[in-house]
Amino acid sequence: MIEVVTYRAHQFDGVRELWEEAFPDDPPWNRAEAAIPAKLAIQPDLFLVAVQGERVVGSVMAGYDGHRGWLYAAAVLKGHQRKGVASRLVAEAERRLRALGCEKVNLQVRAANQQVVGFYCGLGYQVEERISMGRRL
Ligand SMILES: CC(C)(COP(=O)(O)OP(=O)(O)OC[C@H]1O[C@@H](n2cnc3c(N)ncnc32)[C@H](O)[C@@H]1OP(=O)(O)O)[C@@H](O)C(=O)NCCC(=O)NCCS
C-alpha cells in the first residue's frame, strides 16, 4: 500500500536517492542537502512523500506565497511509475494549497520534458503562454 504523507526527517536518504534518479542533471542548489532544509524552514507541510512501508517512492514540493501556489519537483521512482502515485501526490498538494486560500497553481517544466507536460495535462493543467524568467540572488 502506498501512502501520501508529510515529509519527515528519517525520509531524507530516500528522497535524496529518489531525486538523484529523477533529476540526475539538477544543479547543486536543487540537491537534497540544500533544498530539503530550506523547504523545512518554510511551509514544511507542503513537502509530501509517497511511501510504501518505510520506502520513499515519490515526492512533491509545493509553496503558496499569498498570491499563487507553485508545484515543484514531482518525482516517482522508475519502478513505481504509472500507478497513479504522482497524481495522488499532486492532488494532496493541491488540497493543502486550497486549504491555505490558494486559487491558482503554477508550475514549470523544462522544455525538453514533454512527458511531464502530458502528465500535468491529464490532471487538468494547461500550457500557458509565458516567458519563464529567473535570477539567482
Ligand atoms: C512525471 C512523473 C512524476 C509521473 O509519475 P507517475 O507516478 O508515473 O504518474 P501517474 O502514474 O500519476 O500518471 C498519471 C497519468 O499521467 C500520464 N503520464 C505519466 N507519466 C507519463 C509518461 N512518462 N509518458 C506519458 N504519459 C505519462 C499518463 O496519462 C498517466 O496515466 P496512465 O498511467 O493511466 O496512462 C514521473 O514520470 C517522474 O518522476 N518523472 C521524472 C521526474 C520529472 O521529470 N518530474 C517532473 C518535474 S517538473
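Here is a short report on the structure shown in this document.

Rules and cut-offs
Here, residues in each chain are numbered from 1, in the same order as that chain's written sequence. Side-chain atom pairs in this predicted model are given and counted only at pLDDT of 80 or more, local residue features only at pLDDT of at least 70, and totals for whole chains, interfaces and linings cover all residues. Strands qualify as paired when DSSP identifies two bridges or more between them. The way it works is that DSSP assigns letters per residue, a run of H or I at least four long becomes a helix, a run of E at least two long becomes a strand, and they are numbered from the N terminus. To get an axis, a line is fitted to the C-alpha atoms, and for a helix only the part in contact is used. The angle between two axes follows their N-to-C directions and goes from 0 to 180 degrees. Only the C-beta atom matters for this test: placed from the backbone, it must lie within 6 Å of a molecule or strand for the residue to be near it. Classification convention: Asp, Glu, Lys, Arg as charged; Ala, Val, Leu, Ile, Met, Phe, Trp, Tyr, Cys, Pro as nonpolar; all other residues, Gly among them, as polar. A residue is called partly exposed when the number of other C-beta atoms within 10 Å of its own lies between 12 and 20, exposed at 12 or fewer, and buried at 20 or more, with C-beta atoms placed from the backbone. By construction, the arc corresponds to the directions joining the helix axis to the C-beta atoms.

## Overview of the pairing of strand E2 (residues 47–52)
So, point 1. Across 5 bridges, the pairing between strand E1 (residues 2–6) and E2 is antiparallel. By the bridge assignment, Glu3 is partnered in E2 with Val51.
So, point 2. Direction of pairing for E2 relative to strand E3 (residues 55–64): antiparallel, over a ladder of 6 bridges. Looking at E3, one finds that Ala50 is bridged to Gly58.
So, point 3. Remark: 2 residues form the turn of the hairpin made by E2 and E3, two consecutive strands paired antiparallel; Gly53 in that turn has positive phi of roughly 65°.

## Re the sheet that holds strand E4 (residues 69–76)
So, point 1. Spatial strand order, E1-E2-E3-E4-E5: 5 strands in an open sheet with mixed pairing. Since the sheet does not close on itself, it has two edges, and those belong to E1 and strand E5 (105–107), each with one partner. Across the sheet, the mean angle separating the axes of adjacent strands is 25° when strand polarity is ignored.
So, point 2. Relative to E5, E4 runs parallel, the two sharing 3 bridges. Its bridge partner being in E5, Trp70 is matched across the sheet by Asn106.

## Quick look at the site of the ligand
So, point 1. Near the ligand, the surroundings consist of 19 residues, among which Val76, Gln81, Ala86, Ser87 and Gln115 are the closest.
So, point 2. Taken together, the elements giving at least two residues each to the shell around the ligand come down to E4, helix H3 (85–99) and helix H4 (114–122).
So, point 3. When residues of the shell around the ligand are assigned to their parent elements, the largest contribution, 5 residues, is made by H4.
So, point 4. Looking at the shell around the ligand, its residues break down into 10 nonpolar, 7 polar and 2 charged.

## Some words on helix H1 (residues 12–22)
So, point 1. When H1 is considered as a whole, its buried residues turn out to be Gly14, Val15, Leu18 and Trp19. Down the axis of H1, the buried side of the element spans an arc of 130°, and every buried residue falls inside it. Turned more than 90 degrees away from the buried face of H1, the exposed residues are Asp13 and Glu20.

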